[in-house]
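# Geometric and topological summary
So you can see what is in the structure, the chains are spelled out below.
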Amino acid sequence: DVAGLLRGAAMAMSPAAKSGVGGARSKTVEELSEELGWSWYQWRLFLFVGLCVAADSIEVNLLSFISVEATKDWHLEEFWEDTVAAAVFGGEVVGCALFGLFADKYGRLPAFAMGVAFVSAFGIASSFAANVEQLVVMRFGVGLGIGGFTVPFDLLAETAPPRVRGLALCAVWLFWTLGSVLLNLMAAHCLQDEDGPGGRDPLGWRWLTFLAAVPPLVSLLGIPFVDESPSWLAARGRQDEARAIITRAARTNGVWLDPDFSVEPEPERDVSVAQLFDDRNAFRTACLWTLNFASHFAYYGVVLFLPRLLGASANDPYNFDALLLSCVGEVIGSLAACVFVRTVARKTLLAAGSTALACAVPFVLVGGAPTWAMLAAALVARGAANVAASLTWIVTPEGYNVEVRATGHSWGNLLARAGALATTYWGGAAVPEPLKVGSYVAVAATMAAVAAAMPEGVMKGSRPEREEEAREKARDGGEYGAMESS
């Protein structure tokens, strides 16, 4: 299981961690995180970040219901149904542009708190909207907060020990599937009564919207138990604060650290989007932005067409069976990523998922195939799309140094949200089906090619375990040789 894998990897930390002996020399945050291992301190952060991922999933899936039900309640035109959904995407684009810069300049924790506060407050307020104009404003606020949900993910990436980071970041995506399942179960309960969908006295979309705001609210209540990123503090010249947080984490985990240890400072530079396109990052950014846009374009394209498999009916207008069944593919994809992420290169996994998606999409989107074949292909497609999207979220923060990491991830997420918005309109466009299917296959194939060509991550632990161990041995050997020659 995931918990066992994390514990096992944590036991394989550096010799200093296992023996309880830590040198008094200055150490990097990554070295200290290896000594801390994975225990209660990291599990607590994992839970709160997972709730944010679940909240993102819930709010995205909520669009399928709230825009239809609210406009039906108020007898509005279809234009307003699209506008309610577009308001969320618009807010996400603005949030992505702002939250990363804010997090790199003022810290991960305040950005984390602001993001979940926005989603909680505007989510609850949405359930009390008196008219569609108020609802559009409230949903824009929700989208604004969701745009900042890359920051908690980056905080987890910077806090997890390098050897288990990939596994932890893959495992947290299981909360996405959990959010999808919970939202569909809540929708089935709130939008139907004992006598079936649209029954005599359903709870309605307002209750559904209110309940959807619970996960980010719980995460918000956990903010007092979350610390700032020691990596960010070290990059801002605040080593004493970083040292205090690491000491507190060691106490929570029951790990002994040398009382005289110090935190090595990390390079600090002024934060700007232009850094994403300097000599070090230009090609990497081009690859990551392409992957972010394409992975979400493909993921939401699969989700959009999946209800064709079972088809909605008068007895089940929202096709809850199909929606819940589609989540099985994501569970399989997430678990597969957890199993292989420590032994297989990220780019290889991403390319493999993209290739599987390209092969499965034609069976999902083209009619005429047997229902069982379409269902099997749909599960493969959704699982592969989930792997591609989740791996993209992992390689993006791992591709940048700490001083620009949140900015790089949030602006990559901006492209991802643009991809989701684009597939919404393209999926419903009146174009020949072969052209539409071919476009999704081409996008998936492009993802595979870009993944194969992109540079490896710069964070320690972003490569497979054997490769990381070989690099460490080579580095240690080089240092020893230098000492002998001197």
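Attention here is on the structure that accompanies the text. (Residues numbered from 1 in each chain as written. Predicted model: local features only at pLDDT ≥ 70, side-chain atom pairs only at ≥ 80, totals over all residues. Heavy atoms only, no water.)

## What to know about empty space enclosed by the protein
Applied cut-off: A 1.4 Å probe that fits but cannot get out identifies a cavity on a 1 Å grid over protein atoms alone, an open set with protein on both sides within 12 Å along at least five of seven lines counts as a pocket, and a residue lines either if it has an atom within 4 Å of a point. Grid points are joined across faces, edges and corners, and a volume is the space filled by probe spheres set on the points. By the criteria applied, helices consist of DSSP H or I runs no shorter than four residues and strands consist of E runs no shorter than two, each listed in order from the N terminus.
For the structure shown, the criterion picks out seven cavities of 30 Å³ or more. As a volume, the largest cavity reaches approximately 130 Å³. Every residue lining the largest cavity is counted, 18 residues in all, and those nearest its centre are P162, R163, G461, R463 and E465. Those elements that provide at least two residues to the lining of the largest cavity are α9 (162-171) and α21 (465-485). Counting residues per element, the lining of the largest cavity draws most heavily on α9, which supplies six residues.

## As for the environment of A86
Formally: Relative accessibility decides the category of a residue: with a 1.4 Å probe and only protein chains considered, values under 20% of the type maximum give buried, values over 50% give exposed, and everything between is partly exposed.
Relative to the elements of secondary structure, A86 occurs in helix α5 (residues 78-106). With relative accessibility at 30%, the residue A86 sits in the partly exposed group.

## Things to note about the side chain of T209
The condition is simple: As used in this structure description, the phrase polar contact means that two N or O atoms lie within 3.5 Å; if the pair is within protein, one of them must be able to donate a hydrogen and the other to accept it, and residues adjacent in sequence are counted only when both atoms belong to side chains. Contact definition: two residues touch when any of their heavy atoms are within 4.5 Å.
Checked against the element boundaries, T209 lands in helix α11 (residues 205-212). Looking at T209, its side chain comes within polar contact range of the main-chain oxygen of W205, at 2.7 Å. Not counting residues up to four positions away in its chain, the partners in contact with T209 are L62, I66, G123, S126, S127 and R139.

## Quick look at the side chain of R139
Within the secondary structure layout, R139 lies in helix α7 (residues 132-146). When sequence neighbours within four positions are dropped, the list of residues in contact with R139 reads E59, L62, I66, V84, A87, V88, G123, S126 and T209.

## Focus on the packing of helix α6 (residues 108-126) against helix α8 (residues 150-159)
Put simply, the rule reads: To obtain an axis, a line is fitted to C-alpha atoms, over the contacting stretch when the element is a helix, and the angle between two such axes runs from 0 to 180 degrees between their N-to-C directions. Definitions for this section: a left-handed crossing has its near helix turned counterclockwise from the far helix by less than a right angle. A right-handed crossing has that turn clockwise. Throughout, the ten residues Ala, Val, Leu, Ile, Met, Phe, Trp, Tyr, Cys and Pro are labelled nonpolar, Asp, Glu, Lys and Arg are labelled charged, and all others, Gly among them, are labelled polar.
The interhelical angle for the contact between α6 and α8, taken along N-to-C directions, is 145°, at an axis separation of 8 Å. Regarding α6 and α8, the two cross each other, and that crossing is left-handed. Taking contact as the criterion, the partners of R108, A111 and F112 in α6 are, on α8, V151, P152, L155 and E158. Across the contact of α6 with α8, the residue classes break down as five nonpolar, no polar and two charged.

Remember, this is a structural readout, not a statement about activity or role.
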